[in-house]
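For reference, the chains in residue letters:
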Amino acid sequence: MPVLQVPGRPNTWAAVTETTTYLLSVEEGEEVKVVQWYWGPRLPVAALAEVTLQPARYHGTSFLDPDDIDELLPVDGGRRWGVPSLQATFEGGVRSVELAFERAVESDDELELVLRDAAHGLRVSLHLRCPEGGDVIERWVSVANEGAAAVRLHRLDSGSWVLPARPRHRYTGVYGGWAQETQLQRAELPVGETTFTSRTGTTSHKANPWIMVDAGDATEETGEVWTVALAWSGSWRLTAQRRPEGDVAISAGFGHEGPSWYLTPGDTLETPPALGLHTTGGYGTASRSWHEYARRHVLPHPGELRPVLYNSWEATWFEVTEAGQLDLARRAADLGVELFVVDDGWFGERTDDTRGLGDWWPNPDRFPQGLNGLFDAVRGLGMQAGLWVEPEMVNPDSDLYRKNPDWVLHYPGRRRDTMRNQLVLNFARDDVRAWAVGWLDPLVRDHGLVYLKWDMNRSFTQAGWPGEGERGDLLWIKHTRGVYAVMDELRRRNPGLRIESCSGGGGRVDLGILRRTDQVWTSDNTDARDRQAIQQGYSYLYPAGAMSCWVTDRANAITGRVVPLRYRFHVAMAGTLGIGGDLPEWTAEELAEARELVAAYKEVRHVVQHGRLHRLAGTPGVTASAVQYTLGAEVVVLAYHPYGYNGSVSGRLRLAGLDPDAVYEVVGGDGGPAVPEGSRWHGRTLMSHGLALPTWAPAGPDYRSELLALRRMTS
Ligand code: DGJ
């Protein structure tokens, strides 16, 4: 039933999700428009035939606005002056796209509307799909140049989403930078066009391709929220247009202003999906729905538990030796670590960041016998083995670059700007992708690797593809799809392989990369307090099970802030726990405490990694705050209080999402000074009056934190 023809109404369809309806039709007047009529709480399907579809806008005088905002794919053409989702130049400099409706192709969960600009042979298909369960609607567009001349597309978004008029609208999203990713921002959406974008060639640290919009009245657990996300890992652009009349259209797609897509006759181009979701349950429900969608339809191995890993980067930086790594591995195994990952510095001449990228063989001085001596020992210690790679990059000082200087993004006669002393390999090229699979596959297979940390440490510059002429800009799309293709092929050949997406921390986190990776490196900033804010912003879209979090050293490598081990652990336990510290420097007491905390995490990680998240309260990293995960009868709470004194909080933490009539019992935690095991309360009490936690007491030492596990006893 998810996508159905509305009875009695020609060319009208309803996409019906678990709790919402999305209503659209093809309107064939002088100008064909695919119009969105409704997106909100579920309508009774049988009644749809009875209701009047009222045009949202008025016509008549020339300066009263036309209804361009209500279209699924507003084109640049005709009587439209809003944000175009499709903008093209045809032969002879002709613009103004004019589409006619050809046909609808329907299946149970998918609808394709085929339109055509007959004069220039441009076929445009609008796709809509309702994946099973949940409220996410997937939409994308494919175009085909079936004409005799080339077409240049200046903008081809996955589609526009329309929100009904309200006196005000407010947006929520994230901005950031290196080591300060996913900072939450919430502000009034002004009348005008607000664009969020990445021009870096990757998802970027600066913004993330999603938005939530409400009428200024939503809270964490109540209120209408409309949200759109783009499943794409290259440059992107999302424009929220609030019109003076009070409605909002959100157009999202790949690319950014400047580059254009040149389609010669016979060429086709498909956009990544833009995903829409509506809820009446506030930001928290929106996030939980996104997490559920990621688990059901995006992540390749959603049912697996992520192992506790150790990563050597902050311990050794580029000083990688076989003996040093083995020493770390022994210490990591002793803490209960399950996966040992060797980071940068193991290959070619890579003894610092000036050379060796691209030369993917073990550094002969550091690993004279190859890597298997180390990895066999790692396996002997009961851990699995993983390795850092950065396949899309090359140092000019490398054998690879000396041999293939044309493999990088470049324009003839222009500089080749380096960043971190490296250039970007053009993964749009067949030979570059073949080379990548050619070394990655044996690297994984011959070393029994179960894990690759796939890094990407710079943005595009001089993004040319010589030889491709007018089509060169397509590399912005084809590079990303090339990376996807290499990952997909590698995973196909090595089904046991799991991949972590990294881009100088969290520069490539999105629902496109998560389709072929299992977790992401959230940020290079492992300072627990900074990290709380980063993790909160991350949690708006992405599930905790895909969020890599390391516990690093006492004084943080980036900020120098000193935070107790227990607090650092509790922050990292809110996602997929890892350890990234210089273990030989840890005291015996720290190691003993770490061992206990790793064991405590293993007890609850299924709930954290697979459960429903409630952001309970507070400003993470600043005030008392807490997160809760619920899976079936099990509830896990992580509570934090970074400051010693805060008289303004009640000291009681209210839980959420429980069965009000059930009794919940404290069944564990990490042995800290929490509420004693065996304590029992009704769900109603826990949600209404809350728990008095030592961590939340108004006065006490800095950096109090605790883990609490409860179980539903009756219902
Ligand atoms: C950037 C990553 O975010 C770090 O964790 C580390 O892997 C370095 N690159 C290695 O060069």
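Scroll up for the structure.
Residues numbered from 1 in each chain as written. Predicted model: local features only at pLDDT ≥ 70, side-chain atom pairs only at ≥ 80, totals over all residues. Heavy atoms only, no water.

Draft legend 1. Structural detail: the site of the ligand. Surveying the vicinity of the ligand reveals 13 residues, the closest of which are D343, D344, K453, D455 and D524. N457 has a polar side-chain atom sitting 3.4 Å from a nitrogen atom of the ligand. Here the ligand loses 98% of its free accessible area of 300 Å² to cover by the protein chains. Considering only residue class, the shell around the ligand consists of four nonpolar, three polar and six charged. (Near = heavy atom within 4 Å. Polar contact = N/O pair within 3.5 Å; in protein donor to acceptor, adjacent residues only side chain to side chain. Areas by Shrake-Rupley, 256 points an atom, 1.4 Å probe, with all protein chains shown as cover. Nonpolar A, V, L, I, M, F, W, Y, C, P; charged D, E, K, R; others polar.)

Draft legend 2. Highlighting the pairing of strand β36 (residues 663–669). In terms of burial, β36 is largely enclosed, as five of its seven residues are buried. Both β36 and strand β37 (residues 680–682) contribute to a ladder of three bridges, which runs antiparallel. Across the sheet, residue E665 finds its bridge partner in β37, namely R680. Note that β36 and strand β39 (residues 704–714) share six bridges and pair antiparallel. (Buried < 20%, exposed > 50% of the residue type's maximum accessible area, 1.4 Å probe, protein only. Helix = DSSP H or I, 4+ residues; strand = E, 2+ residues; numbered from the N terminus. Pairing = 2+ DSSP bridges.)

Draft legend 3. Layout of the nonpolar core. By size, the foremost hydrophobic cluster in this structure holds 181 residues, and its most contacted members are L153, L269, W290, W346, L511 and F569. The dominant element in this core, judged by the number of residues it contributes, is helix α10 (residues 588–610), at nine residues. Aside from chain neighbours lying at most four places away, what touches W290 is V136, M212, T227, V228, A229, L275, G276, L277, L511, Y540 and L541. Counting 20 residues, the second largest nonpolar core, distinct from the first, contains A624, A626, V635 and V675. (Core = buried A, V, L, I, M, F, W, Y, C linked by side-chain atoms within 4.5 Å. Contact = heavy atoms within 4.5 Å.)

Draft legend 4. Up close: the sheet that holds strand β19 (residues 261–263). The strand order across the open sheet built from three strands is β5-β10-β19, with neighbouring strands paired in antiparallel fashion. Both outer strands of the open sheet, β5 (86–89) and β19, are each paired with one neighbouring strand and no more. Averaged over all neighbouring strand pairs, the angle between strand axes comes to 30°, with direction disregarded. Judged from the four bridges that link them, β5 and strand β10 (residues 151–156) form a sheet pairing that is antiparallel. (Axes fitted to C-alpha atoms, helices over the stretch in contact; angles between N-to-C directions.)

Draft legend 5. The side chain of Q36, seen in detail. Within the element layout of this structure, Q36 appears in strand β4 (residues 32–41). For Q36, a relative accessible area of 6% gives the class buried. One polar contact links Q36 to Y22, side chain to side chain, over a distance of 3.1 Å. For Q36, the contacting residues outside a window of four places in its chain are Y22, L23, L24, D70, L72, S160, W161 and V162.

Draft legend 6. Up close: helix α8 (residues 528–539). Counted at 1.5 Å a residue, the expected span for α8 with its 12 residues is 16 Å, and the 16 Å between its end C-alpha atoms agrees. Within α8, 10 of the 12 residues are buried, leaving the element largely enclosed by the surrounding structure. Considered for burial, the residues of α8 that qualify are A528, R529, R531, Q532, I534, Q535, Q536, G537, Y538 and S539. Looking at where α8 begins, the residue whose side-chain oxygen comes 2.8 Å from the main-chain nitrogen of R529 is D527. (Expected span 1.5 Å × (residues − 1).)

Draft legend 7. Layout of the pairing of strand β31 (residues 576–579). By the alternation rule, side chains of β31 split into T576 and G578 and L577 and I579, which are all buried. Remark: the strand β30 (residues 547–551)/helix α9 (residues 565–572)/β31 crossover connection has right-handed handedness. (Right-handed = clockwise from strand over helix to strand, strands pointing away.)

Draft legend 8. Broad picture of the side chain of E112. Within the secondary structure, E112 sits in strand β7 (residues 110–117). Of the buried charged residues, E112 lacks a salt bridge, with R123 as the closest side chain of opposite charge at 4.4 Å. Of note is the side chain of E112, whose polar atom sits 2.8 Å from the side chain of S125. If sequence neighbours within four positions are ignored, E112 has contacts with R103, A104, V105, R123, S125, L126 and H127. (Lys, Arg positive; Asp, Glu negative; His and termini not counted. Salt bridge = Lys/Arg side-chain N within 4 Å of Asp/Glu carboxyl O.)

Draft legend 9. Region of interest: the environment of E292. If you trace the backbone, E292 turns up in helix α1 (residues 282–298). Classification of E292 by relative accessible area gives partly exposed; the value is 30%. In this structure, the C-alpha to C-alpha distance between E292 and H447, residues 155 residues apart in sequence, is 34 Å.

Draft legend 10. Examining the pattern of salt bridges more closely. Evaluated as defined, the whole model comprises 56 salt bridges. As a salt-bridge pair, R471 and D267 come within 2.5 Å of each other at their nearest N and O atoms. Placement of R471 in the loop between β27 (451–454) and α7 (475–493) and of D267 in the loop between β19 and β20 (268–270) is noted, with a sequence separation of 204 residues between them. A relative accessible area of 18% places D267 in the buried class. Between E468 and R471 there is a salt bridge, and its shortest N-O distance comes to 3.7 Å. Exposure remark for E468: the relative accessible area of 26% places this residue in the partly exposed category. One network of salt bridges, with partners in common, ties together E30, E31, K33, E71, R79 and R80.

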